[in-house]
Amino acid sequence: MALVELFLLISAVNAGLTAQPPNILFVLADDMGQWAAGTYGNSEIKTPNIDKLAKEGVKFDNAFCNTPVCSASRTSYLTGRLPSQHGVHDWIAGGNGCGQNPPIFYSREETTYTDVLAEHGYVCGISGKYHLGDQQQPQHSFSHWFVHQSGGGNYNNPPMVRDGQCVHPDGYISDIITTDAIEFISDTTKTGKPFYASVHFTAPHAPYTGSVSNFGCSVCCLEWFH
């Protein structure tokens, strides 16, 4: 769903204009340039599902990002405010937790659209990259919290946080994030409550690590080739 549509929908929910609250799914790629999709004219990179969404939904041909780095943009998505307003001006190197450094909750004083949705009965969940500091603690009304420990890293057996614990689940991170999101959506649907799901992949951000299962060898084997 386009971000403009997302914010319009949330405004409608906040104003009580929707009789039946719709479920919301926000899929976000990391560090993916506008040019890296077929719908924007790239003939080498195959993106059939993105192309289909663009064809059947809304496609932006003239859009800009004030601060094209992950943490600043993600805070702007959540708050609807500029980096000069919310204070996160760059990608966050420190304060992520999991023993790397003392945790810092950078957006503690901000109100996010997930806070608004939760106030109106939504169950909010995130699967994937958050990267706004203090990743061990659920923030901004997310009741389901499965996030990357920092902002990026190895795609195989990735560093994640589940239920406040720093873990390294087996597998490829894109598959792990997808599976977790599907389970959250399935479980929440059974409750009859509306859900908001952030599915935030680390791909295609560096280090461009392929899935071990696709190559038929172990992580050690891949490291040996490097």
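This text gives an overview of the structure that appears in the document. Predicted model, so just to flag it, every value in this text is computed and none were measured.

## Examining the overall build of the protein
- Each helix and strand counted, the protein has eight helices and six strands in total.
- Along the protein, from the amino end to the carboxyl end, the secondary structure elements read α-β-α-α-α-α-β-β-β-β-α-β-α-α.
- For the protein, the accessible area works out to roughly 12400 Å², and carbon and sulfur atoms hold 55% of it.

## Focus on the pattern of salt bridges
- Under the criterion given, the structure shown has four salt bridges.
- Across the salt bridge formed by Asp-30 and Arg-74, the nearest N and O atoms sit 3.2 Å from each other. One end of the pair, Asp-30, is in the loop between strand E1 (24–28) and helix H2 (48–56); the other, Arg-74, is in helix H3 (residues 70–79), and 44 residues separate them in sequence. Here the two residues Asp-30 and Arg-74 agree in accessibility, since each one is buried.
- Between Glu-110 and Arg-81 there is a salt bridge, with its nearest N and O atoms 2.9 Å apart.

## A look at the side chain of Arg-74
- You can call Arg-74 buried: its relative accessible area is 5%.
- The contacts of Arg-74, once residues within four sequence positions are left out, are Leu-28, Asp-30, Lys-129, Tyr-130, Leu-132, His-200 and Phe-201.

## A look at the state of the cysteines
- Per the stated rule, a full pass over the model turns up one disulfide.
- Between Cys-98 and Cys-166 runs a disulfide, and the two sulfur atoms are separated by 2.1 Å. With the S-S bond torsion at -95 degrees, the cross-link from Cys-98 to Cys-166 turns out left-handed. On the criterion of sequence distance, the pair formed by Cys-98 in the loop between helix H4 (83–86) and helix H5 (113–119) and Cys-166 in strand E5 (residues 165–167) is long-range, its members being 68 residues apart.
- On the basis of relative accessible area, Cys-166 is assigned to the partly exposed category, the value being 35%.

Thresholds applied
- Residues numbered from 1 in each chain as written.
- Predicted model: local features only at pLDDT ≥ 70, side-chain atom pairs only at ≥ 80, totals over all residues.
- Heavy atoms only, no water.
- Helix = DSSP H or I, 4+ residues; strand = E, 2+ residues; numbered from the N terminus.
- Areas by Shrake-Rupley, 256 points an atom, 1.4 Å probe, with all protein chains shown as cover.
- Salt bridge = Lys/Arg side-chain N within 4 Å of Asp/Glu carboxyl O.
- Buried < 20%, exposed > 50% of the residue type's maximum accessible area, 1.4 Å probe, protein only.
- Contact = heavy atoms within 4.5 Å.
- Disulfide = S-S within 2.5 Å.

So yeah, pure geometry; function would need other evidence.
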